[in-house]
Amino acid sequence: MQTAEMTADQALKSKHRAMWALGDYAAVAAEVIPSLGPALVEAVGAGPGTRVLDVAAGSGNAAIPAAEAGADVVATDLCPELLDVGADLARRRQVDLAWQVADAEALPFGDGAFDTVMSCVGVMFAPHHAVSAGELVRVCRPGGTVGLVNWTPEGFIGQMFATMKPYAPPPPPGAQPPPLWGSEAHVRGLFGDAVTEVVAQRRMLRVGVFATAEAFLEFFKRTYGPTIAVYRAVADRPDAVAALDEALLDLARRHDLGGGAMDWEYLLYVGRTR
């Protein structure tokens, strides 16, 4: 029987799927954060003889480099449009891997099916953190590797979400903020004693593609689904649009190291399942 809670969850997932189909996230992955995926692949040791699952893979920022390293890779995402872009990129790079639509909170794989389970700024956007963390562990074999790259709450992207929050519709009950996944304490709490030998490092990604704060804002308003969705929510309120513009411009200016370059903080988390 379909319960009200199940119906609400399905509606939420449909909303998330539509949000990530907005704009051009593949451009963000390819032009702004291309080094994050290879950094995660190196950290988890993906290579020949390893079966790897990339959860919330988007357009394959980590999945494709893992396949290029020789791993047997399955890339999953809630948004089929992003997987289609990734599959096309993989074909052009002559890399073989599997692409499958899947919900991070209900992965369609058996227990212990993969040697390595990873996610690069992806699973952090699943709304129910404990549920998705449990799924990451479940599909990873005992003694396998779980590896994550997530934006920290204190870093630029975490602060960008905090800046947009007053202008966004309230989250549904039970949904947790994505940047919490960038808190080591939060992630350790999610996995508990199911993951051991943890190495967690805060790192900086140097982003130098935006010459000005205005260039950053224009790019993210055009390409990044969450930003596009927030602006759509206030589109009928010019004063709110102007205020959000100024708040995001101020954020970018405060992070400007010179010439538009910025450092965006993320948490690299790698551990082994018991």
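Please refer to the structure placed before this passage.
Here's what I pulled together on the structure shown here.

Rules and cut-offs
Residues numbered from 1 in each chain as written. Predicted model: local features only at pLDDT ≥ 70, side-chain atom pairs only at ≥ 80, totals over all residues. Heavy atoms only, no water. Helix = DSSP H or I, 4+ residues; strand = E, 2+ residues; numbered from the N terminus. Polar contact = N/O pair within 3.5 Å; in protein donor to acceptor, adjacent residues only side chain to side chain. Contact = heavy atoms within 4.5 Å. Expected span 1.5 Å × (residues − 1). Buried < 20%, exposed > 50% of the residue type's maximum accessible area, 1.4 Å probe, protein only. Arc of directions from axis to C-beta. Disulfide = S-S within 2.5 Å. Core = buried A, V, L, I, M, F, W, Y, C linked by side-chain atoms within 4.5 Å. Phe/Tyr/Trp six-rings, centres within 6.5 Å; stacked < 30°, edge-to-face > 60°. Lys NZ or Arg CZ within 6 Å of the ring centre and 35° of its normal. Pairing = 2+ DSSP bridges. Axes fitted to C-alpha atoms, helices over the stretch in contact; angles between N-to-C directions. Left-handed = near helix turned anticlockwise from the far one by under 90°. Nonpolar A, V, L, I, M, F, W, Y, C, P; charged D, E, K, R; others polar.

**Observations regarding the side chain of aspartate 103**
- With respect to the helices and strands, the residue aspartate 103 is situated in the loop between strand S3 (98–101) and strand S4 (114–120).
- In this structure the side chain of aspartate 103 is engaged in a polar contact, spanning 2.9 Å, whose partner is the backbone nitrogen of glutamate 105.
- Contact partners of aspartate 103, with chain neighbours within four places excluded, come to Lys13 and Leu78.

**Some remarks on helix H1 (residues 4–21)**
- The terminal C-alpha atoms of H1 lie 26 Å apart, and with 18 residues this matches the ideal 26 Å at 1.5 Å per residue to within 8%.
- All of the buried residues along H1 are Leu12, Lys13, His16, Met19 and Trp20. On an axial view of H1, the arc spanned by its buried residues comes to 120°, and they lie on one face. When the buried face of H1 is taken as reference, the exposed residues oriented beyond 90 degrees from it are Ala4 and Lys15.
- Within two residues after H1, glycine 23 carries a phi angle of roughly 65°, on the positive side.

**Brief notes about the state of the cysteines**
- Going through the model one piece at a time under the given rule, you end up with 0 disulfides.
- Note on cysteine 120: no disulfide assigned, nearest cysteine sulfur contributed by cysteine 79 at a separation of 16 Å.
- For cysteine 120, a relative accessible area of 8% gives the class buried.
- Counting only cysteine sulfurs, cysteine 120 is the nearest neighbor of cysteine 140, a cysteine outside any disulfide, at a range of 17 Å.
- Taking the relative accessible area as the measure of exposure, cysteine 140 reaches 4% and is therefore buried.

**Points about unusual backbone geometry**
- In this model, alanine 56 sits at a positive phi of 55°, which is unusual for a non-glycine residue.
- Along the polypeptide, alanine 56 turns up in the loop between strand S1 (51–54) and helix H4 (63–68).
- Since its relative accessible area comes to 17%, alanine 56 is described here as buried.
- The backbone of valine 121 shows a phi angle near 40°, a positive value even though the residue is not glycine.

**Observations regarding the nonpolar core**
- Ranked by internal contacts, the top residues of the largest apolar core, which has 91 residues, are Trp151, Met160, Phe191 and Trp264.
- No other element matches the 7 residues that strand S7 (residues 262–273) contributes to this core.
- Beyond its immediate sequence surroundings of up to four residues, phenylalanine 191 is in contact with Ala133, Leu136, Val137, Val146, Leu148, Trp181 and Tyr269.

**What to know about the packing of aromatic side chains**
- Summed over the entire model, instances satisfying the criterion amount to 19 aromatic pairs.
- Here the aromatic rings of phenylalanine 191 and tyrosine 269 are separated by 5.5 Å at their centres, their planes lie at 25°, and the arrangement is stacked. On the criterion of sequence distance, the pair formed by phenylalanine 191 in helix H8 (residues 184–191) and tyrosine 269 in strand S7 is long-range, its members being 78 residues apart. Side by side, phenylalanine 191 and tyrosine 269 carry an identical accessibility label, which is buried.
- Here a set of aromatic residues connected by ring pairs shows up, and it is made of Trp20, Tyr25, Phe125, Trp151, Phe156, Phe161, Phe210, Phe216, Phe219, Phe220, Tyr224 and Trp264.
- For lysine 221, the ring lying beneath its charged end belongs to tyrosine 231, and the centroid distance is 4.4 Å.

**Considering the sheet that holds S7**
- Taken together, 7 strands build an open sheet; the order of strands is S3-S2-S1-S4-S5-S7-S6 and the sheet is mixed. Each edge of the sheet is formed by a strand with only one pairing partner; in this case those strands are S3 and strand S6 (195–207). Across the sheet, the mean angle separating the axes of adjacent strands is 15° when strand polarity is ignored.
- Where strand S2 (residues 72–77) lies against S3, 4 bridges are found, and the strand directions are parallel. By the bridge assignment, aspartate 77 is partnered in S3 with valine 101.
- Here helix H6 (residues 129–138) sits on the sheet in contact with S4, strand S5 (140–151), S6 and S7, set at roughly 140° to S5.

**A look at the packing of H6 against H8**
- The N-to-C vectors of H6 and H8 enclose an angle of 65°; their axes lie 9 Å apart at closest approach. When you trace H6 past H8, the crossing you get is right-handed. Mapping the contact onto sequence places His129, Ala130, Ala133, Leu136 and Val137 in H6 and His186, Leu190 and Phe191 in H8.
- Here the contact of H6 with H8 is built from residues that sort into 6 nonpolar, 2 polar and no charged.

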